[in-house]
Amino acid sequence: MCNDFSSILTVVIPTLDEEQSIALVIDDLKQQGFNNILVVDGNSRDRTREIAGGLGARVVLQEGKGKADAIRTAIPYIETPYLLVMDGDYTYPAKHIKELLDKAVKENLDEVIGARIRGRENIPLMNRLGNWVITKTFNILFGTNLSDVCSGMYLLRTQRTREINFESKGFSVEVEIAAHIASTTRRIGEVPIEYRKRIGKPKLRKRHGALIMLDAYKLALRYNPVFLVFMTASLILIPSLALTAYVAYDLLVNNVKHHVWAIIAVTGTGIGIQSTLMAIMTLYLKRLEYRLVQRLEEVKR
Ligand SMILES: Nc1nc2c(ncn2[C@@H]2O[C@H](COP(=O)(O)OP(=O)(O)OP(=O)(O)O)[C@@H](O)[C@H]2O)c(=O)[nH]1
Ligand SMILES: [Mg+2]
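Residues numbered from 1 in each chain as written. Chains lettered and ligands numbered in written order. Predicted model: local features only at pLDDT ≥ 70, side-chain atom pairs only at ≥ 80, totals over all residues. Heavy atoms only, no water.

> Give me the domain arrangement of the chain: which residues, what numbers.
Looking at the assigned domains, one finds that the chain contains domain 1 (9-223) and domain 2 (225-300). Put simply, the middle of domain 1 and the middle of domain 2, counted by C-alpha atoms, are 37 Å apart. Opposite the 17 residues of domain 1 that make contact, domain 2 presents eleven residues. Interface area for domain 1 against domain 2, summed over the two sides, is near 1200 Å², with a carbon-plus-sulfur share of 61%. Where domain 1 meets domain 2, there are two salt bridges. If you look at where domain 1 meets domain 2, you find three residue pairs in polar contact (both at pLDDT 80 or more). For the side of domain 1 that touches domain 2, the secondary-structure elements that each account for two or more residues are α5 (125-142), α7 (173-183) and α8 (209-223). Looking at side-chain class alone, the side of domain 1 that touches domain 2 contains eight nonpolar, five polar and four charged residues. (Domains from an automatic or database assignment. Contact = heavy atoms within 4.5 Å. Buried area = accessible area lost by both parts, 1.4 Å probe. Salt bridge = Lys/Arg side-chain N within 4 Å of Asp/Glu carboxyl O. Polar contact = N/O pair within 3.5 Å; in protein donor to acceptor, adjacent residues only side chain to side chain. Helix = DSSP H or I, 4+ residues; strand = E, 2+ residues; numbered from the N terminus. Nonpolar A, V, L, I, M, F, W, Y, C, P; charged D, E, K, R; others polar.)

Structure follows, in structure tokens:
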């Protein structure tokens, strides 16, 4: 007989037309002892709500639109110290939840992400690329070492989740939550999990090349705009170094002198190096700020 985690953890499942998979997801959860299930539905036109309710899940209709609003809708309903968000498409195995919970309790973490290490081939290629760019940008900005910040399975300390203001549109709700934790308490970790092939049709708009870059840009703009300015300015280093090489080559090999180009190349290289150093410095300063905020949070407790 499994433990019953109902008084510790609420499983929140945002759903939109998941009648093909929702029963499997709920059965999987119950088998692992997770009976406190809250389905936040985005006005499905199929039998999702009926099936979920019939299997004993609490079903509420979301306010607003989209997955982020669904998660925001869930928060006031939660009475347990932890909540776990997962998709209703049977991609995330319930057997990993205990590992996430264990880590959160043992290491006193506010968020534990289920990092999709096994079964990555089940993530559509474009999403895989997008997740990689966002995760790398995230790690650079916050000084973290996460491997899948876009995962749809994550455990949160309820009290912390209530502090987040889910205002910003743009990047995904997963990134929004992780950014809040990473910039305040920094009590964030991950557990490797397996990812299954989706049942039913995808609901979220797929991210494409330009949009991925835009998401990463918005993240940097919000959390470290000065870094973004210097990072952009440092790009001048690439043409400047190429120009320097050309001027040097023509001088050494052909004995041809390009005075004006030489001045431009040296100036550009100088600006590029300065900007790179400044960009690195802003990262260090920001990390220092985060560490101080983290200390203050600890003192406050
Ligand atoms: N309540 C609510 N749920 C949504 C909405 N859009 C998507 N969902 C649900 O949120 C979860 C994630 O959506 P998916 O379509 O699986 O998106 P994804 O996981 O990024 O992409 P896949 O790789 O296709 O699984 C699923 O359980 C959806 O049913 C919405 O507008 N409202
Ligand atoms: Mg999914």
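This is not the end of the story, as more comes after the structure.
> Got a sec to walk through the packing of α5 against α7? Specific residues and values, please.
Interhelical geometry of α5 versus α7 gives an angle of 20° and a closest axis separation of 11 Å. By the criterion of interaxial angle, the relationship of α5 to α7 is roughly parallel. Two packed elements cross with a definite hand, and for α5 against α7 that hand is right-handed. For the pair α5 and α7, contact is made by Ile134, Phe138 and Phe142 and by Val175, Ala178, Ala179, Ala182 and Ser183, respectively. (Axes fitted to C-alpha atoms, helices over the stretch in contact; angles between N-to-C directions. Parallel < 35°, antiparallel > 145°, perpendicular 65-115°, else oblique. Left-handed = near helix turned anticlockwise from the far one by under 90°.)

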